[in-house]
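Chain and residue survey
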Amino acid sequence: ALRAPVVADTLIYVVEGSQLHRFGPSSVPSPGFPVALSGPVLADPAVGDLGTDGSPEIVVPVGPPYALEVRTAGGAVAAGAFPVALAAGIIGTPVLGHLQGDTTPEIVVLDGSGLVAFDAAGSRVSALPKPGGAGASPTLWDVGADGTADVVAGSGADSSFYIYSATRSTEGSFPFPWSTPRGSAARLGSTAAAGVAYLDDVRPAAVADLAVMASDDTSVTLRWTATGSDSLSGTVRRWFVRATDGP
């Protein structure tokens with residue numbers, strides 16, 4: 001099956017069937033592509049600099065045989081133990097982020113055994129799997145604002161909502177290179193927009209001086225002092241005014 005393209009720098013990557021394609025800025029196929037993968041593609045790829053060398057890697061689950069492929073920007077198999085075997089079953093979309101507090105990101109993906117993680121060399125990360133069977137489309141973020149990454153896994157087979165916590169501090173590692181499917185909340189599929197830059201958890205301050213200045217049968221003129229987007233700081237993008245005929 002053809003998957004949606006992803007963009008890294010100025011290059012476009014497309015996975016189709018058992019092949020990885022690459023195109024230049026003018027949609028011209030790159031020399032040496034397509035390259036054959038070890039099996040049919042099962043989910044959208046993730047893109048990020050796993051080797052911290054300034055060049056992106058493309059991460060994509062395939063099967064059968066079930067495996068996690070990691071390819072360099074040039075299409076070669078990435079250094080390490082790749083492709084690594086995945087347990088047969090439901091295969092999710094991979095995401096990339098820091099779970100171990102080091103400088104290289106890890107890969108998180110759902111396979112038939114649960115949500116699993118691998119480091120940049122293809123070794124299993126012991127923090128996962130966790131119980132619950134959730135994580136087909138996970139998001140990585142510091143939900144608790146405690147300096148430790150969390151895996152927002154979503155619902156499992158029991159319909160419970162699961163959030164898993166990493167065991168080591170990841171403070172200073174944000175934003176993550178590909179923290180959610182398609183790279184960002186906007187689902188743009190580009191490294192230019194990938195990662196969640198910050199968690200906006202400061203709401204605007206309440207309006208304290210709302211007053212009616214004039215009214216007639218069809219309209220009301222209101223006045224208030226604008227607050228900020230973060231309490232009293234910043235600028236609010238828009239206002240919502242609601243009315244009721246009761247207290």
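Residues numbered from 1 in each chain as written. Predicted model: local features only at pLDDT ≥ 70, side-chain atom pairs only at ≥ 80, totals over all residues. Heavy atoms only, no water.

Turning our attention to the pairing of strand S11 (residues 114-118). Of all five residues making up S11, five are buried, and the element is well covered by its neighbours. Note that strand S10 (residues 106-111) and S11 share five bridges and pair antiparallel. In the strand pairing of S11, Ile-107 is matched with Phe-118. Between the end of S10 and the start of S11, which pair antiparallel, lie two residues. (Buried < 20%, exposed > 50% of the residue type's maximum accessible area, 1.4 Å probe, protein only. Helix = DSSP H or I, 4+ residues; strand = E, 2+ residues; numbered from the N terminus. Pairing = 2+ DSSP bridges.)

Time to look at the sheet that holds strand S7 (residues 67-72). The strand order across the open sheet formed by four strands is S5-S6-S7-S8, and the pairing between neighbours is antiparallel. Among the strands making up the open sheet, the edge pair consists of strand S5 (46-48) and strand S8 (84-85). Taken together, the three bridges between S5 and strand S6 (residues 57-62) define a ladder with antiparallel strand orientation. Within the sheet, the bridge partner assigned to Ala-46 lies in S6 and is Val-59.

Looking now at the environment of Gly-132. For Gly-132, the position within the fold is in the loop between S11 and strand S12 (139-141). The class of Gly-132 is partly exposed, set by a relative accessible area of 31%. In contact with Gly-132, other than residues within four places in its own chain, are Gly-156, Ala-157, Tyr-162 and Tyr-164. (Contact = heavy atoms within 4.5 Å.)

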